[in-house]
Amino acid sequence: MAFVINWRIAIVLLVTVPILFVFLVWLFVRAGRLFRGVQKQLDVLNGIVHENLTAVRLVKAFVRRKFEGERFQRAAEQLRDRTTFAFRYVEVTMPVILLLMNIGIIGVLWLGNVNINTGNATTGEVVAIINYSTRTAMALGVFSMIIMNLSRAKASSDRIFEVLESKVDEFENDKRVDDKAIVGDIRMANVSFSYNSSPNQVLRNIDLSFEPKSSVAILGATGSGKTTLMQLIARLYEPDDGQIYIDQSSIDTYPLKNYREQIGYVPQAVTLLSGTIRDVVSFGHKHADDEQIAKALQAAQIYETVIGLPEGLDTLIGQRGVNLSGGQKQRLTIARALLRKPSILLLDDSTSALDATTEMNLLKAIEAYGCTTVIVTQKVSTTKAMDQVILLNNGEIESSGTHEDLLNRSAIYREIYESQHERGIPNEKSNESPILLRLEKVKSDARSKQASR
Ligand code: ADP
């Protein structure tokens, strides 16, 4: 409109508006970068809060309260500084726009004066153009606010998309449907595996075979690959080489959902989502009735404890509920797995907190479920009760067979057995350090024998 009224005066806007436009583009890029920094720092701060809330007892036990307090303070101060710095850019926008527009208006007044004197413009035209200039300034001001909000939103959405676009393992997208029942025959042929395709193989050339409904113990030092082996059977990962067969068919011929529904997996770290004991135990089997839940609790040797609680199955566990002991929580996770009546039961060191008698009762009760049971354990008292024992060493099978076979064949197994008997561990709670010590000792003895030879 300014150009329609008088182009000789409106020409001033050709200088001010492009400068403003360039300024706004620069602002968008710069503010986007700054707000991305703010979001990242917010992540750091949230991470610290989350860590400290979940590990509050650890922080207290290690007397790290002051240290953690200072860590939080530093992160919070950085967030404050970054936010203040970013908002300074927001605050400076409006004054810069007004300054440039007012310089433009002075230009319009000056050019208007010259053109009125030469008879090329009227006073009314100059007033109209000044009016359009101020309106343009206001519009650009609002536009700059939108740009600032957009750059903040973009910084946030970039972070969200980083998560949404993270690569999902292809096999997790399995949409096939089938209700083929699994009997529980497991075979691994020459299986090797490394995390994230790194060159360090965690499992190497694993060949094993578990009969349906049999019980197998996996024994080995920390880091020997026991958990990884369990996760491969649960199909949480795919092997790099070799093949896993379930009931003589390759594991990937089963639709993932159908396969996992028939697996009872009890991971090493006890994770119970909050809710009532009924909710927690029926997590993988939503339609289970109280009778089925009671049966699973009985098998997991925790029924008496649960009915002894004032509210029984309705007892709330989790942050606000009763505080169950480690062993009790462990047994609830076993009940959760058993409730699904799995064809394959995987217990990853899930009986470590149980005394020998309870553990034996548990193993007996599991037998009645008729599933192939694979247990990671450190206790020879457990391996003795199993049909087959696999001794893993550094990602490879060192020996496999029955307890008696391994006693005859494997020096390491014999050492472990003797160490636990010497210490009377079969009748007590055990942890893995004696095994580790023994394994290390056997290896160093062998090395020194070789060296002396
Ligand atoms: P175990 O259960 O016998 O203690 P794991 O199967 O947990 O052993 O681990 C075997 C090896 O794999 C270890 O060296 C460990 O550091 C590595 N590892 C385990 N989980 C991961 C993971 N998610 N990413 C990368 N490496 C891992």
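Reading guide: rules and limits
Residues numbered from 1 in each chain as written. Predicted model: local features only at pLDDT ≥ 70, side-chain atom pairs only at ≥ 80, totals over all residues. Heavy atoms only, no water. Pairing = 2+ DSSP bridges. Helix = DSSP H or I, 4+ residues; strand = E, 2+ residues; numbered from the N terminus. Contact = heavy atoms within 4.5 Å. Axes fitted to C-alpha atoms, helices over the stretch in contact; angles between N-to-C directions. Expected span 1.5 Å × (residues − 1). Buried < 20%, exposed > 50% of the residue type's maximum accessible area, 1.4 Å probe, protein only. Parallel < 35°, antiparallel > 145°, perpendicular 65-115°, else oblique. Left-handed = near helix turned anticlockwise from the far one by under 90°. Core = buried A, V, L, I, M, F, W, Y, C linked by side-chain atoms within 4.5 Å. Nonpolar A, V, L, I, M, F, W, Y, C, P; charged D, E, K, R; others polar. pLDDT = per-residue confidence, 0-100. Salt bridge = Lys/Arg side-chain N within 4 Å of Asp/Glu carboxyl O.

1. Regarding the sheet that holds strand β2 (residues 203-210)
Right, so step 1: Spatial strand order, β2-β1-β4-β5: 4 strands in an open sheet with antiparallel pairing. Each edge of the open sheet carries a strand with a single partner, namely β2 and β5 (249-250).
Right, so step 2: As judged from the 5 bridges shared by strand β1 (residues 186-193) and strand β4 (residues 241-246), these two strands associate in the antiparallel manner. Bridged to Ala189 within β4 is Gln243.
Right, so step 3: Each of β1, β2 and β4 is contacted by helix α6 (residues 226-233), which is oriented at about 120° to β1, the strand it contacts most.

2. A look at helix α11 (residues 326-338)
An α-helical turn contains 3.6 residues, so a residue and the one three or four places further along point in the same direction.
Right, so step 1: Taking 1.5 Å as the rise per residue, α11 with 13 residues should run 18 Å; its terminal C-alpha atoms sit 19 Å apart, in good agreement.
Right, so step 2: α11 sits mainly inside the fold: 11 of its 13 residues count as buried.
Right, so step 3: Along α11, the residues that are buried comprise Gly327, Gln328, Gln330, Arg331, Leu332, Thr333, Ile334, Ala335, Arg336, Ala337 and Leu338.

3. Looking at the packing of helix α9 (residues 290-299) against α11
Right, so step 1: Where α9 contacts α11, the axes come no closer than 8 Å and their chain directions differ by 130°. It follows from the interaxial angle that α9 and α11 lie oblique. Taken as a pair, α9 and α11 cross one another with a handedness that is right-handed. Counting all contacts with α9, which are made through Ala296, Leu297 and Ala299, the residues of α11 involved are Leu332, Ala335 and Leu338.

4. Some remarks on the nonpolar core
Across soluble globular proteins, you tend to see nonpolar side chains buried next to one another.
Right, so step 1: Ile9, Leu20, Leu24, Leu27, Phe35, Val108 and Met148 are the most contacted members of the largest nonpolar core, which totals 35 residues.
Right, so step 2: Of all elements in the fold, only α2 (7-54), α4 (65-117) and α5 (123-164) reach the threshold of two or more residues within this core.

5. Re the packing of α4 against α5
Angle between the axes and distance between the axes are the two parameters that describe a pair of packed helices.
Right, so step 1: Contact pair α4 / α5: the axes reach a minimum separation of 10 Å and the direction vectors enclose 165°. In this view, α4 runs roughly antiparallel relative to α5, as classed from their interaxial angle. You can see that α4 and α5 cross each other, and the crossing is right-handed.
Right, so step 2: Counted by class, the contact of α4 with α5 contains 19 nonpolar, 7 polar and 1 charged residues.

6. Some remarks on the environment of Thr305
Right, so step 1: Its location among the elements puts Thr305 in helix α10 (residues 303-308).
Right, so step 2: Its relative accessible area of 27% is what places Thr305 among the partly exposed residues.
Right, so step 3: Note: C-alpha distance between Thr305 and Phe161 (144 residues apart in sequence) is 46 Å.

7. Focus: the confidence of the model for the protein
Right, so step 1: In the predicted model, the protein carries a mean pLDDT of 85, and 91% of its residues have values of at least 70.
Right, so step 2: Of the regions scoring below 50 in pLDDT, residues 425-437 engages in 22 contacts with residues more than four places distant in sequence or in other chains.

8. Brief notes about the pattern of salt bridges
Right, so step 1: Within the structure shown, the criterion is met by 13 salt bridges.
Right, so step 2: Residue Glu68 pairs with Arg71 through a salt bridge whose shortest N-O separation is 3.0 Å. Within this pair, Glu68 and its partner Arg71 are both found in helix α4, separated by 3 residues, close to a single helical turn.
Right, so step 3: Here Arg71 falls in the partly exposed class, since its relative accessible area comes to 23%.
Right, so step 4: Residue Asp405 pairs with Arg409 through a salt bridge whose shortest N-O separation is 3.7 Å. Separated by 4 residues within a single helix, Asp405 and Arg409 lie in helix α14 (residues 403-409), roughly one turn from each other.
Right, so step 5: With relative accessibility at 30%, the residue Asp405 sits in the partly exposed group.
Right, so step 6: Salt bridges here are not isolated pairs; linked through shared partners, they connect Arg36, Lys154 and Asp158.

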